[in-house]
Amino acid sequence: MLQEASRMCGLSSAIFSEVDDMRKAEVAKGHDVITLSIGSPDMAPAPHIVKALMDACALSTSYGYTLSKGISPFLQAIADWYKMKFNVDLDPETEIHTLMGSQDGLAHIGLCLLNPGDVVLVPDPGYPIFSAGPLIAGAQMHYMPLREENGYLPDLDEIEESVLKKTKMMILNYPNNPVAAIAPREFFVKVVALAQKYNFLVCQDFAYSELVYDGYRPDSFLSIPGAKDVGVEFHSLSKTFNMAGCRVGFLVGNSQAISLLGRLKSNFDYGIFYPIQMAGIAALTGPQDCIVQTTATYQRRRDVLVDGFNALGWAVPKPQGSMFVWAPVPTQQTSMEFTKDLLYNTAVSVVPGRAFGQFGDHHVRIALVQPENRLEEVVSRVAKWLGSK
Ligand SMILES: Cc1ncc(COP(=O)(O)O)c(C=O)c1O
């Protein structure tokens, strides 16, 4: 009988697995389940990205190890894209490292910087790897509640000085998964000052930088004066370019953090498959109208779902960013009870907010990963169900 390592104790995917098992059981019974529980894009990458991938796959020279930092043209493409999108200057040599998806970096950055007992400030609700990575490193979590009345920003004044003195890292994520909130520039300015005062690294997960609506453009954390001294930003091509399965992303910012992660990763992996880096170059340097189309599609889906629910009397706010809708549970139930009821009565599958932390328990997360006609169907099923209650 194997005995699991103690570092496995805090790692759990229990709620996500339970929800997915329930969903699969309904599918197995032959029900037409509409799956809005999985945050994986249903759209395809633009043709020029797929072509770059296929062209590189056809070359016999594409199959060697690439080394973990990233090939130079990809690093340069990242620097140019960052300048174009966020007006942030990055040195491709020292301030950029490629990742096998941003998850790779989020999972491993803690191992470079945290010792047992160090504190990490983590949002609650939050994307699970934010605490799983530091837990593997033996760190202690200090959860920062994200409350609707604060625009889902952590209340920095609420964090006690005794905690801040032990803090080595703070995790932020705007536009946010699961609460779909955005962060104003003034908030980032305050974070930079706090990180400078207490000497911790800010890890801003910017995976949804491009999935923003109604003309809104988010600021890069690194565009705040002094931010590069205290912070890094995690990026992903998964959602921006519909390349989730390619596993490609990057880390930018503080050169010391980048160099530490590079040293760690050079022990773990041998870099991203060359054709995927070529596809990444095509994505970042090619026409950007594919992002506009993707965003417009999510925005239309958001409007169908949110306007539809609001017309039924289910008051759901319209997110300005991310690919999710964070909907308050419209009954007196917990988020899990409501998720089950919704699945069994309407065959619509969502994720209970509790899966993202205790402060998520009054909401469910709905991913906009189905076409508009399916979301119209969701609204009409929910209308019938609520009408019959
Ligand atoms: C907030 C957030 N960060 C990071 C990731 C990981 O993305 P990837 O590893 O595909 O870049 C996800 C995926 O859903 C996410 O929602």
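Remember, predicted model here, so these are calculated numbers, not experimental data.

> What exactly am I supposed to notice about the overall build of the protein here?
A tally of helices and strands in the protein yields 13 helices and twelve strands. In summary, the protein has a C-alpha radius of gyration of 21 Å against a globular reference of 21 Å for 389 residues, a match within 12%. Taken over the C-alpha atoms alone, the protein extends approximately 60 × 55 × 55 Å along its principal axes. Sorting the 389 residues of the protein into buried and exposed places 48% on the buried side.

> Help me understand helix α5 (residues 129–136), please; the structure alone is not making it clear to me.
Helical periodicity: at 3.6 residues per turn, an α-helix aligns residues three or four positions apart in one direction. Those residues of α5 that sit buried are Phe-130, Ser-131, Gly-133, Pro-134 and Leu-135. On its buried side, α5 packs onto α4 (102–113), β3 (119–124), β4 (140–145) and β5 (167–173). Two residues or fewer after α5 comes Gly-138, characterised by a positive phi angle close to 85 degrees.

> How do you make sense of helix α9 (residues 255–268) when you look at a structure like this?
Between its terminal C-alpha atoms α9 stretches 20 Å, which fits the 20 Å expected from 14 residues at 1.5 Å a residue. Buried within α9 are the following residues: Ala-257, Ile-258, Leu-261 and Lys-265. For α9, the arc enclosing every buried residue in end-on projection is 95 degrees, short of the 170-degree limit, so these residues lie on one face. In α9, the exposed residues that point more than 90 degrees away from the buried face are Arg-263 and Asn-267. The inward-facing, buried residues of α9 abut β2 (96–99), α4, β6 (201–205), β7 (231–236) and β8 (249–253).

> Where do I start with the domain arrangement of the protein in this structure?
One frequently used descriptor of interface size is the decrease in accessible area upon assembly of the parts. One can read the domain layout of the protein as domain 1 (11–40 + 289–388) and domain 2 (62–285). Placing the centre of domain 1 and that of domain 2 at their C-alpha centroids yields a distance of 27 Å. Those elements that provide at least two residues to the side of domain 1 that touches domain 2 are α11 (289–311) and β9 (324–328). With seven residues, α11 is the single largest residue contributor to the side of domain 1 that touches domain 2. Considering only residue class, the side of domain 1 that touches domain 2 consists of eleven nonpolar, twelve polar and two charged.

> Honestly, the pairing of strand β12 (residues 363–367) in this entry has me stumped. Any pointers?
Judged by how many residues are buried, β12 sits mostly within the fold: five of five residues are covered. Covered by surrounding structure in β12 are His-363, Arg-365 and Ala-367 together with Val-364 and Ile-366, the residues of both alternating faces. Relative to β12, β9 runs antiparallel, the two sharing five bridges. Among the inter-strand pairings, Phe-324 is bridged to a residue of β12, identified as Ala-367. Pairing analysis gives two bridges linking strand β11 (residues 351–352) to β12, with the strands arranged antiparallel. Within β12, the position partnered with Val-351 by the bridge is Arg-365.

> Help me understand the sheet that holds β9 in this model?
Pairing between sheet strands relies on hydrogen bonds along the backbone, with the strands arranged either parallel or antiparallel. If you trace the three strands from one edge of the open sheet to the other, you get β9-β12-β11, paired in antiparallel fashion. The two strands at the open ends of the sheet, each matched to only one other strand, are β9 and β11.

> What exactly am I supposed to notice about the environment of Trp-385 here?
Position of Trp-385 relative to the elements: it lies in helix α13 (residues 372–388). Judged by the 16 C-beta atoms lying within 10 Å of it, Trp-385 is partly exposed. Linking Trp-385 and Ser-259, residues 126 residues apart in sequence, is a C-alpha distance of 54 Å. Every residue in contact with Trp-385, bar those within four places of it in the chain, is listed here: Asn-345 and Thr-346.

> Just checking my understanding: could you explain unusual backbone geometry for this structure?
Where the residue is not glycine, phi is negative for most of them; where a peptide bond is considered, it is trans in most cases. The omega torsion of the bond from Asp-124 to Pro-125 falls at 5 degrees, within 30 degrees of zero and hence cis. The backbone of Asn-199 shows a phi angle near 60 degrees, a positive value even though the residue is not glycine. Along the chain, Asn-199 turns up in the loop between α7 (185–198) and β6.

> Honestly, the environment of Glu-26 in this entry has me stumped. Any pointers?
Counting through the fold element by element, Glu-26 comes out in helix α1 (residues 14–28). Note: C-alpha distance between Glu-26 and Met-100 (74 residues apart in sequence) is 33 Å. Ignoring anything within four residues of it in the chain, the contact list for Glu-26 reads His-31, Val-33, Leu-343 and Ala-347.

> Whenever I open this one, the nonpolar core confuses me. Can you help?
One broad rule of soluble globular proteins: the nonpolar side chains tend to lie buried together. Ile-78, Ala-279 and Val-325 are the most contacted members of the largest nonpolar core, which totals 117 residues. Sort the elements by how many residues they give to this core and helix α3 (residues 72–86) lands first, with eight residues. Each of domain 1 (11–40 + 289–388) and domain 2 (62–285) contributes no fewer than three residues to this core.

> Can you help me understand the packing of α11 against α13 in this one?
Geometry of a packed helix pair, given as the angle between the helix axes and the separation of the axes. The geometry of α11 relative to α13 is characterised by a closest axis approach of 9 Å and an angle of 10 degrees between their N-to-C directions. In terms of orientation, α11 and α13 fall into the roughly parallel class. Where α11 abuts α13, its residues Arg-300, Arg-301, Val-304, Leu-305, Gly-308 and Phe-309 lie against Glu-372, Leu-375, Glu-376, Val-378, Val-379 and Val-382. Grouping the constituent residues of the contact of α11 with α13 by class yields seven nonpolar, one polar and four charged.

> Please clarify how the sheet that holds β8 should be interpreted in this entry.
On the basis of which strands lie adjacent, the open sheet formed by seven strands has the order β2-β8-β7-β6-β5-β3-β4 and mixed pairing. Sheet topology places β2 and β4 at the edges, where each strand pairs with a single neighbour. Between one strand axis and the next, the sheet turns through 20 degrees on average, direction left out of account. Judged from the five bridges that link them, β5 and β6 form a sheet pairing that is parallel. Considered in β6, the bridge of Met-170 is made with Val-202. The strands that α4 touches are β2, β3, β5, β6, β7 and β8; relative to β7, the one it contacts most, it runs at about 155 degrees.

Rules used throughout
Residues numbered from 1 in each chain as written. Predicted model: local features only at pLDDT ≥ 70, side-chain atom pairs only at ≥ 80, totals over all residues. Helix = DSSP H or I, 4+ residues; strand = E, 2+ residues; numbered from the N terminus. Rg over C-alpha atoms; globule rule 2.2 N^0.38 Å. Buried ≥ 20, exposed ≤ 12 C-beta atoms within 10 Å, placed from the backbone. Contact = placed C-beta atoms within 7 Å. Expected span 1.5 Å × (residues − 1). Arc of directions from axis to C-beta. Domains from an automatic or database assignment. Nonpolar A, V, L, I, M, F, W, Y, C, P; charged D, E, K, R; others polar. Pairing = 2+ DSSP bridges. Core = buried A, V, L, I, M, F, W, Y, C linked by C-beta atoms within 7 Å. Axes fitted to C-alpha atoms, helices over the stretch in contact; angles between N-to-C directions. Parallel < 35°, antiparallel > 145°, perpendicular 65-115°, else oblique.

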